[in-house]
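Breakdown of the fold
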Amino acid sequence: MEPVTQGLATTTIVIGNKPFLMKLKKEDIERIRLAKDLLTKNRRYHITINDLSQQTQLNRTKLQYGFKQLFGVSIDDYRILLRMEKAKELLEHTEKSVKEISILVGYKSMGSFSTMFKKVYSKSPTEWRNGLHG
């Protein structure tokens, strides 16, 4: 899936107007995959990019650009998608209130949660739930 050539992956990332070439070794790719696994397994625990950097022994820049290169999404966006996926699951399979679900997936503000849910799924959490049972 990722562009790997003899243990190296290369991508060009544009920063401002200047292209930035990122080369990833096979071990870098394995460490970036570990970061994704850590994020996936620890949905409720907020792992910072610094924590991921330390746990994977990759510097922040390589971790962030490499993650985007391999998975097509930034670390922050991936974290949001995991939260929204869990929220959708809770809306579909529990009777918990939207407020309870927003807290369970790590939002302090129900408004922020609802806004993000709608951005991801084009429906508010309530509309999503009502669409299932309506």
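Definitions and cut-offs
Residues numbered from 1 in each chain as written. Predicted model: local features only at pLDDT ≥ 70, side-chain atom pairs only at ≥ 80, totals over all residues. Heavy atoms only, no water. Axes fitted to C-alpha atoms, helices over the stretch in contact; angles between N-to-C directions. Helix = DSSP H or I, 4+ residues; strand = E, 2+ residues; numbered from the N terminus. Parallel < 35°, antiparallel > 145°, perpendicular 65-115°, else oblique. Contact = heavy atoms within 4.5 Å. Nonpolar A, V, L, I, M, F, W, Y, C, P; charged D, E, K, R; others polar. Core = buried A, V, L, I, M, F, W, Y, C linked by side-chain atoms within 4.5 Å. Buried < 20%, exposed > 50% of the residue type's maximum accessible area, 1.4 Å probe, protein only. Phe/Tyr/Trp six-rings, centres within 6.5 Å; stacked < 30°, edge-to-face > 60°. Lys NZ or Arg CZ within 6 Å of the ring centre and 35° of its normal.

Within an unreviewed UniProt entry, the label attached to the protein reads HTH araC/xylS-type domain-containing protein, and the organism entered is Niastella vici.

Helix H3 (residues 60-71) packs onto helix H1 (residues 26-41) with a crossing angle of 85° between their chain directions and a minimal axis gap of 10 Å. Accordingly, the angle class assigned to the pair H1 and H3 is roughly perpendicular. Between H1, through Asp-28, Ile-29, Ile-32, Arg-33, Ala-35, Lys-36 and Leu-39, and H3, the contact on the second element is made entirely by Lys-62, Leu-63, Gly-66, Phe-67, Leu-70 and Phe-71. Taken together, the residues that form the contact of H1 with H3 break down as eight nonpolar, one polar and four charged.

With 18 residues, the main nonpolar core has Ile-32, Leu-39, Leu-52, Leu-63, Phe-67 and Ile-75 as its most contacted residues. Secondary structure elements with two or more residues in this core: strand S3 (18-25), H1, helix H2 (49-56), H3 and helix H4 (75-93). Element by element, the count of residues in this core is highest for H1, at five residues. Setting aside residues no more than four positions away along its own chain, Leu-52 makes contact with Ala-35, Leu-38, Leu-39, Ile-47, Leu-63 and Ile-75.

Another point: the packing of aromatic side chains. A full pass over the atoms with the stated rule returns seven aromatic pairs. Judged by centre distance (5.2 Å) and plane angle (50°), the ring pair of Tyr-121 and Trp-128 falls under tilted. Cluster of aromatic residues (ring-pair linked, three or more members): Tyr-107, Phe-113, Phe-117, Tyr-121 and Trp-128. The lysine or arginine in question, Arg-83, covers the ring of Tyr-107, its NZ or CZ lying 5.4 Å from the ring centre.

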